[in-house]
Structures are given as C-alpha cells and as structure tokens.
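Listed here are the chains, written in short residue letters.
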Amino acid sequence: MPYHEFKCSECIPERKMHAVVKGPGEDITMALPLGYLNTIPGSISERGCAYCGAKHVIGTPMKDVIHLSHGPVGCTYDTWQTKRYISDNDNFQLKYTYASDVKEKNIVFGAEKMLKQNIIEAFKAFPKIKRMTLYQTCATALIGDDMNAIADEVMEEMPDVDIFVCNSPGFRGPSQSGGHHTINIAWIKDKVGQVEPKITSDYVINYVGEYNIQGDSEVMADYFRRMGIQVLSTFTGNGSYDDLRAMHRAQLNVLECARSAEYICNELRVRYGTPRLDIDGFGFEPLSNSLRKVAMFFGIEDRAQALIDEETARWKPELDWYKERLKGKKVCLWPGGSKLWHWANVIHEEMGVEVISVYTKFGHQGDMEKGISRCEEGALAIDDPNELESVEAMLSLKPDIIFTGKRPGEVAKKIRVPYLNAHAYHNGPWKGYEGWVRFARDIYNAIYSPIHQLSLLDISKDEIPTGNGFVTSGMIANAGLAEEVISAGDLRQYSGKYDCVSDLKNKIYPDFKKVTEE
Amino acid sequence: MNCEVKSKERVGVINPIFTCQPAGAQYVSIGIRDCIGIVHGGQGCVMFVRLLISQHLKESFEIASSSVHEEGAVFGALNRVETAVDVLLMRYPHVKIIPIITTCSTEVIGDDVDGVVIKLNEGLLQEKYAGREVHLVPIHTPSFVGSMVSGYDVALHDFIKYFAEKSEPNGKLNLITGWVNPGDVTELKYLLSEMQIDATVLFEIENFDSPVMPDGNVVSQGDTTIDDLIGTANAYGTIALNRYEGGKAAQYLEKTFKIPTIIGPTPIGIRNTDTFLQNLKKMTGKPIPKSLVHKRGLAIDALTDLTHMFLADKKVAIYGNPDLVIGLAEFCLDLEIKPVLLLLGDDNSFYAKDTRIKALQEKVDFKMEIITNADLWELENRIKNEGLELDLILGHSKGRFVAIDNNIPMLRVGFPTYDRAGLHRYPVVGYNGAIWLAEQMANTIFADMEYKHNKEWVLNVW
Amino acid sequence: MDDIKGKIAQLEDYIMKKCLWQFNSRAWDRKDQNENILKISTLLLCEEHFIPETPADRCYWVEAVSLVDAFKNRYPWISALNKTEKKELMEALKERIDFLTITGSLNKELTDPLY
C-alpha cells in the first residue's frame, strides 16, 4: 500500500507518512498513516485543541450542569453555540456558558480567589442547578492555579453542590483527542462511584461515547427502552451529571465512539469488571447487529428481533429508494475521528456510494486501521489533513459529495462539491433506522440539487439550456435511472417529520417486570 | 440623571458578548491581500475563530497556527513560529505578509515574538527566501487583555505602524471603517464615490462575500494591498469611523505623520451620516452632491413611514461592539425608539468617558442603563428576574436564546450573525444602512405582532 | 491450499469490515479479544458446548454468536465442512487476524503501557 505524497506537501516530507492509498489486495499491515503526532506548524491543519476536546466535545453535552471555563473569555465564547448536541431539558447546556474571565491582573497575582467568587456567583444565578464542571485553559494551567483546591473549598462551604474539575489546557496533546483522554480519566477517577442509582430493570447499561447530535442518543435510548433495558447513563449526550457518577452500577458498557470514550470503558472494565461492547449505531445492518448483541448479552434477543423487524419494515423501502439513486456516487468521508470507520463500509453497502477518501483530523492510528479496513480498494486515507491537501485531493478525486465540518464545507462549496456536515449533520438525527434514511435523504438532496447543477455552468462559454424554467432533484436523478427503478412501487421517499425526536419525550414504554432483587 | 453608566458587578461572565483579542487580530489579517496570519498558541485559538468567521460570512478564510503543544508550553515555543513561517512561505508562494499573533498562552510563557522576527529576518528570510518580499509583523494580543474589539484595534495599529512610510502625498483620504461587513464597505465606497473622493479604505473587504465560479478556484480574502498600507502615511487626512476599532491607528498616523484626523462618529443613522459627509466635505473641500441629497431623501421618506406610527416609544436593548451599539442607540433615539439598555462587553475604561455616552447621560429623558464589562446575563437577568420589558433586541447571534426564550423580537446586527441568512451583505452605515436598519426593525416587530396576534390587524391599513 | 486461503479471505473480509472487537487499542487487549471470541466462535461453529460464566465471557460469547451467524448466512460452504476442517479453518483465521491486528500491525500505540 503506497504512501501518498501530495504535491503541495512535497516540501514538508514528514507529511508523506500521513497518507496512503489502499491498493488492490492490500491491507493495513502494508502501510498505515502515522497518527496523533504533533501538528506541523503553519500547515493550516484543521485540528482543534485539548481544551475543546474535553469541554466542547465531551463535557458540555452533560445537560444539567454549569460549564465554567477558568481562563480568558475567548475559550468559552468560541466553544459555545457551535454544536448541535441537544438535550431534553430545554437545551440548558447549549444556552448557557460561563467564563471566569481571567484578566492581566489575575495572570500576575493569581486567579484562584476570583475563581471561587465566580463559582459562587454562577450557582447563585442559577439556583436550581447544583452541579458544575470546571475546565482549565492554557492561561490558568500556565500560572498554576489549583482548581481542585478551590472546588473542594466551595463544596465544603456549599454541601449541596458538586463540582468536577478537568485539567485539560489547550496545549495538552496534538489535538482535541488529548482532551478526550483527560476528561475520561478525570471523570472515572473523581466522580464514578459516588452515587448509587435506582435500578429499575434487570438489564442495565451505560451508553458511552454518544453525544446526542440532533437527538442521536435519544433515538438510541428509545430502542433500549423498548427492549426493557435501563440506560443508566449516557456519556455524555443528553447525560445527567449524577447519572454519570453512577456508571459503576451498569452491567454492560455499550460503546459507540471508541475514539473519544474508550478510555472510560477500559477503566470501568479494570475497576468494576464491567465489560465493553463496541457497537455501530449507524446503518440498518450494523445497528441491527448491535441491538441484537446488546439484547443477547441479557438473553432478550426476541425483544431486539421484534424491534429490528418493525423498524426495518417501516424504513427499509425508503432507504432503498435512495440507494437506487445514490449508487456509484463518489464520497470523500472527511470527519473528525470515529465516523470514518462508523460509516466507511455501511454507506457503501446500504447506500451504494463509493468512499474514495477518508480522513481524520484527530484520530489515532487505530482509527485509521478501522477506517482503511472498512474502505474499498483505491481509497485515499489522510491523517491530520491540511487546507492545501484537502483542496488537492478534491480536485484530483472529483467527489460527488464530501462529509466534513462547517468551515471546510465552505472550501468545498467554492470547488463546487456539495457538502454535508459530518459533525453536526444537516437534517439529523442520522442514528437509528429513520435517522439513517434521513442521512440518505440529505445526501440525495445535496447531490441532486438543481442549484448545484447550475453552479457547473459557465454562461460565458457553455451552451445555455433555455428550454426549462425549472428542474427538480427528481428530474436530475431520474435521468440516470432505469424505468423499472423509477416506477418501483415498493420503494418510497422519506416520509418522516422535520423533527422526529421531540415526540420521544412523551412516549410510554412497555413495563417489563423487574425480576431480580437489588 | 436618567441614564446610568455602571459596570457589571459580578466578576465572572455568563454568556459572553465578545471573544478574545486574537480573534480581532485574525479578522484584520484576512482583510489584507497576500496575507496569512500565524496565531501563536494552541490550535483552538485559530480553529474556532476560523469557524466563527465562516459561520458569519459563510466563507472559509486561511489562518495558520503555530500549534503549540505541551513541550512548547513548558520550554518555550519560538521554534514553532520559525517552522510555521517556513512552512507557510514554502507552500503559499503568494504570501507576502505574515502577522504573528500572540495569545494568552504564549504571552504567559513570555515567548519573545519580536526577537524571533528579527532572527527570522536576519536568518531564514535571507538564506532561504532571498529576493522574496516577506513581512513578518508581530502583533501582541494576549487574550487576558481587552476583547476582540481591542484586538482589532491593536492589530490594525500594528499593521499601519509596520507599513506606513512617508513619501510623496498620494492625494488620498484614509478611511478606517472599523469592524464592519462587506455591505458596509460597499455603502461607504458609494458615499465616497458620490463625493468624488479617492480613498484608501481599510479594509477592502467587499470580497469577503465571494462567489462560486465556474472554474471553482475562489479563495476568500480581502483586497487591501501592501501599497495601500504604506500609502496611509501620505494621505491628506484620516477619518476613522469607529473610535475603538481603528482609533489607535488613526492616532498613530496623526501623531507620526501629522495627518489631519477625525475620529467618529460611526455613521449609523441619518444624523451621523450627515456628520460623516460634513467631515468629508471639511477635509476635502468637496461639496455634497445632489445625488446624496436624493439618497438622503429616500431614506427620510422611508423612515417617515415608520417612526411615529410603529417605532415610537418602543423599548430596545442593544449589545455588541461599542461603536456599533452607540451608533445604533443614537439612531434609535432619532427614530423615537427608546434604547433602555446598552451592553458593552468588555472592561475598557474609556467607554464611561466617551463623549457620546456622556451626552446620553446628560440628555436622555427616560430611564436608561449602560453596562460596561457586560455579559448577556446582564440582559437576560433583567428580563427574567427584574421585570425589564422590551419590544426589541438589537445584537448578534450569540444572544439569540435571550430573545427566543423570552419571546422578544430581535434584529440581528453586528458580528456574528450566523443564525440569519446573508446579513453581511447589507449595510448598517450610511443612508442605505439607515433604511435597512429601520425597515428591518419594523419588519421584525411586524412578524412578532402577527405571531403573537398582538394588534396584527393594524397592518391592514398602512 | 488456495481453497483455504480463499475461504479465510472471505471470513477475514467480514471481520475487518463489519466487526470492531479486533480493534481494541492495545496489543494485549486485541490478543485477548481475538483469542476468546474466535475460540468461542470455533466451539459454536462445531456445535460444541459453551456456557459464559462471567460478564466478560458473555461479551465474548455475544460477539461469537453474532460472528458465527453471519458466517453461516454469508458463506454457506462453512456449514458443509466437518469439525476438523472447521477447527483448522478457524485456527488459520485467528492466525491471520492476529497478524493483521497485532503482530503485523503498524499501529505504534499498541504497545503503549497506558490506555
């Protein structure tokens, strides 16, 4: 498997070991991009920092918490309202963010006193919230503030509050991934085991590494509840602080994003003997297998099978409608970390698209092993991509669509490649059966956008087609389809609602009697 | 006194109005052609600011990071700057200007950025890039000082200080716009062109609104050139529209090159635009043409349709960049709207001494509060817990939930406005800005009346 | 020989594209996973008895059941093999998976002593 050298990076030869092409018959023992190494300065990498990995990715989805960053105001401002992780408590965690607002005098004379005042003020402003997460930033790490000591002091004075301290300044590690690690370990070390939960089922799991983007975790929690499984905690999407302190009481840790949350599962395995089951919540077959495995662990496969049958019957004809229309479309799958392996194979199998490139901003080599294994031959895999390499790849690969972040999506727009937001989604949730159809629908709408088609026309040179006052997505898609596919009566377009999550809050679940004693 | 100026009492910030200094410096850097900044700090300091700018403008801009990791934070990270400069220059052959923008971390560890620039100038640039025009501009923007507003001011000053060079008079006016949108620059250039004034506009950012082209190779960037920056020393005058975003550079030019200078007012609304034109007239000796009398007439006509029937006595809260907030408040008063609460989001001690704020204190005849070092909780807490009643909020998108959760109509103004489409294309300055602002305020209120069934039938006859 | 190679390639393809258990982040963990899951898979494939006793065992067993089901559904030839052939096949498969994920792996984090 040859390493791939970008023309634009010939002058930084160390980049060569960060990209490979998966050749015919080749596997991951022949070449693997380097990963999780320090970024090359000035390369215009897409990586973020360890603070955002801790606070923005993992900490903030916790819904019933004051999230306070100890530092100048920018870290807080910048990691506020740039995500779509919702919650069922009216999105408290999205709406409110807190900064200790460290100023020059605090840098010189220390900021511990003002931190304490900050904490007290924040609890006072929101008297119903009794939990807080406290994040170190570059500045306060460098001046050496002892945040743990301050937190302990406040907890002593205010016995009804609890504070979690996360020391993950921006510079700690090559990317946001360093922060994922730090907060995982800090949480299990400092908080797990402190709360004894109410056990309501014979079957109890933690759902780990799931951040409730546009409702993903609520969709999955719905499935678990329908099978009578108690989701003790979600780490951390729509998660509750005190539920997460009780993680030690689950019988099984169901792990979704191993990139960001395997650490806590591994530690729970060591400390409490709770096994870790890695699952894929994306795609019909992987999801069905995952639900079946979780159920089988508890000996309730029949419940899983009933759910799988029901959901598949409802949504498969819609997925297949899109698959017929997406077959052979070329995709650059360029997310942050875990989605490159969550999606690489299943979008090929279930939507018929060809993954021609995968990349990861902050993944490790293990993510590339998974991602490359799951790609088809010919795919270009890139670690820690930078701006010029991405552009070079798009120009040479000519994808029909790319899945990436918001800002890189703007770069793609200029090259006239449609983009979908791989982190926040366009019209999610994309997990679950319905979610997977929504993803397919978003891809279809992007690729067959009449406006996208118009963007390819040069009115100064090309023949201008004047016959039509309009074109629909369907007209563009149908142009490449056989008549029997177009008229296939058993397939249909997505038929769900704009918001498919909110109704879940009021849903009533079957009462599976709890058999075992506590 | 009806109008009280006070500072937020809490020490911390709940929902900030501004981000920190390096963001302002980065916003300046993208306005200059052949310029890619290096932010010396952690990667988040760049990644999130690029995201923020792209959310606002729906475009991507190139800014680099020195990617300071643990070793750098412990042992010093100047070697990261050296590598970053080299890598940027190798891979971006068009780049001529590299501002090196510091952050809290690299200021705390005391990295000598000025020293490394000298070292690079004497070493790398001569050895490896001889014959290539390269300017390394150190910009100190520690995040624990000021805010994105002062970061903008500092960066602009540092660029001017680096480049401005006295030679022959260039017959131009320096127009320093402050932190504005592409739509504002279009409007300002329209006014200048009607006045037949040749000006160096800092910054030429109309192309922040850039197209999708058939050849697919557009990279968004501003168009201010090195020559523009050098020539600022040779202008016959400077007008800086915003005191806190460009005032420092204007003062530098005045002091160093004895260039006649007028700072302010932010030409928001009819009255401030009139003053701006008067200042132009004074500085250039050129008359105000009939065409602008006509344009002004169109604006007055539009505003007359709205003021006493719909806008009068409406209570509004305004937050955001200080010059913008003050300008909007002044315009609101002319429209018979009552700006009952102004929130200025950093601890700049000059705000309280600002003559415009003093004038509000002296002359406003209803109860009004001006909060400095404010956050958005100062707004929300007053609404939720202290009985503040508002008919409208003017501010940027970060405060959207204050409006949404309290059922108050809100017009997005300022930076960033990512939750509304295309606002960067419209001006808030000049006569066209006055029209746009007043009509958008009215339409926002109208939509709210209909949504709440609050005398929505009024609009049957208008 | 070619025949068994081709068969292993099919099974390998399934595991590498559809499973995650072989990719835990450390070599010792992968060794554990491969060994237990493929051992139980072999037993199940040969219709021999396996009763999971610990929670960890249950997890391995769940993966094994899932794997064997998939093998039987996708590759009908597997059911036609006799016990000895199945055991040989699975042994060779394990060797291959161990190579891909452990002994031949280029992943430098595999030997990191910490998680």
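What you see is a predicted model; the values in this text were computed from it and never measured.

Draft legend 1. Structural view of the pattern of salt bridges. Evaluated as defined, the whole model comprises 80 salt bridges over all chains. Note that D367 of chain A and R259 of chain A form a salt bridge whose closest N and O atoms lie 2.6 Å from each other. With D367 of chain A in helix α16 (residues 365-374) and R259 of chain A in helix α11 (residues 258-272), this pair connects stretches of sequence that are 108 residues apart. This pair shows no difference in class: D367 of chain A is buried, exactly as R259 of chain A is. Ionic pairing is found between R33 of chain B and D223 of chain B, a salt bridge with its closest N-O pair at 3.5 Å. With R33 of chain B in the loop between α1 (21-29) and β3 (38-40) and D223 of chain B in the loop between β8 (199-202) and α10 (226-231), this pair connects stretches of sequence that are 190 residues apart. For D223 of chain B, a relative accessible area of 23% corresponds to the partly exposed category. Here the salt bridges do not stand alone but share partners, grouping E4, K6, R10, E369, D375, E378 and R382 of chain B into one network.

Draft legend 2. Local environment of the interface of chain C and chain A. Contacts between the two partners involve 32 residues from chain C and, on the opposite side, 42 residues from chain A. Buried area between chain C and chain A, summed over both chains or domains, comes out near 3,100 Å², and the portion from carbon and sulfur atoms is 52%. Along the contact surface separating chain C from chain A lie 7 salt bridges. Close ionic contact of D27 of chain A with R96 of chain C constitutes a salt bridge, the shortest N to O distance being 3.0 Å. Connecting chain C to chain A are 18 residue pairs in polar contact (both at pLDDT 80 or more).

Draft legend 3. A look at the pairing of strand β2 (residues 66-70) of chain A. Residue and element names in this part refer to chain A. The element β2 is largely enclosed, with a buried count of 5 among its 5 residues. Neither face of β2 is exposed, since I66, L68 and H70 on one face and H67 and S69 on the opposite face are all buried. Summarising the sheet, β2 and strand β4 (residues 131-136) pair through 5 bridges and their orientation is parallel. Bridge assignment links H67 to a residue of β4, and that residue is T133. Direction of pairing for β2 relative to strand β3 (residues 98-99): parallel, over a ladder of 2 bridges.

Draft legend 4. Seen up close, the interface of chain B and chain A. Contacts between chain B and chain A engage 77 residues on the former and 70 residues on the latter. Linking chain B to chain A there are 5 salt bridges. For the salt bridge of K103 of chain A with D347 of chain B, the shortest nitrogen-to-oxygen distance reads 4.0 Å. Secondary structure elements with two or more residues in the side of chain B that touches chain A: β2 (13-14), α2 (44-57), β4 (64-65), α3 (70-75), α4 (78-91), α5 (104-108), α16 (376-385) and α17 (400-405) of chain B. It is α2 of chain B that provides the largest number of residues to the side of chain B that touches chain A, a total of 9 residues.

Draft legend 5. Examining the side chain of S390 of chain A more closely. All names here are of chain A. Relative to the helices and strands, S390 resides in helix α17 (residues 387-397). What makes S390 buried here is its relative accessible area of 5%. If near-sequence neighbours (up to four positions away) are discounted, S390 is found in contact with E46, W334, Y359 and P385.

Draft legend 6. The arrangement of the nonpolar core in detail. Counting residues in each nonpolar core, the largest one holds 142 residues, and the members touching the most others are F224, W343, I347 and F403 of chain A. Here this core takes 10 residues from helix α3 (residues 55-74) of chain C, the largest share from any one element. If sequence neighbours within four positions are ignored, I347 of chain A has contacts with V331, L333, G352, V353, V355, F403, W436 and F439 of chain A. Counting 133 residues, the second largest nonpolar core, distinct from the first, contains L52, V325, A403 and V428 of chain B.

Draft legend 7. Structural context of the domain arrangement of chain A. Residue and element names in this part refer to chain A. With domains assigned, chain A is organised as domain 1 (50-190), domain 2 (204-308) and domain 3 (452-517). Taken together, the contacts link 10 residues of domain 2 with 7 residues of domain 3. Buried surface at the junction of domain 2 and domain 3, summed over both partners, amounts to about 710 Å²; 65% is from carbon and sulfur atoms. Across the pair E218 and K505 runs a salt bridge, and its minimum N-O distance is 3.8 Å. The interface formed by domain 2 and domain 3 contains 2 residue pairs in polar contact (both at pLDDT 80 or more). If you tally residues by element for the side of domain 2 that touches domain 3, the top one is helix α9 (residues 216-226), at 5 residues. Residue classes in the side of domain 2 that touches domain 3 are distributed as 2 nonpolar, 3 polar and 5 charged.

Draft legend 8. Main features of the domain arrangement of chain B. Residues and elements named next belong to chain B. Structurally, chain B comprises domain 1 (3-14 + 297-459), domain 2 (21-146) and domain 3 (173-288). Each of domain 1 and domain 2 has a C-alpha centre, and the two are 36 Å apart. At the interface, 9 residues of domain 1 touch 8 residues of domain 2. Of the roughly 760 Å² buried between domain 1 and domain 2, counting both surfaces, carbon and sulfur atoms make up 67%. If you sort the residues of domain 1 by the area they bury against domain 2, F415, Y418 and H424 come out on top, with a joint share of 69%. Along the contact surface separating domain 1 from domain 2 lie 2 residue pairs in polar contact (both at pLDDT 80 or more). Tallied by class, the residues present in the side of domain 1 that touches domain 2 amount to 3 nonpolar, 3 polar and 3 charged.

The rules we used
- Residues numbered from 1 in each chain as written.
- Chains lettered and ligands numbered in written order.
- Predicted model: local features only at pLDDT ≥ 70, side-chain atom pairs only at ≥ 80, totals over all residues.
- Heavy atoms only, no water.
- Salt bridge = Lys/Arg side-chain N within 4 Å of Asp/Glu carboxyl O.
- Helix = DSSP H or I, 4+ residues; strand = E, 2+ residues; numbered from the N terminus.
- Buried < 20%, exposed > 50% of the residue type's maximum accessible area, 1.4 Å probe, protein only.
- Contact = heavy atoms within 4.5 Å.
- Buried area = accessible area lost by both parts, 1.4 Å probe.
- Polar contact = N/O pair within 3.5 Å; in protein donor to acceptor, adjacent residues only side chain to side chain.
- Pairing = 2+ DSSP bridges.
- Core = buried A, V, L, I, M, F, W, Y, C linked by side-chain atoms within 4.5 Å.
- Domains from an automatic or database assignment.
- Nonpolar A, V, L, I, M, F, W, Y, C, P; charged D, E, K, R; others polar.

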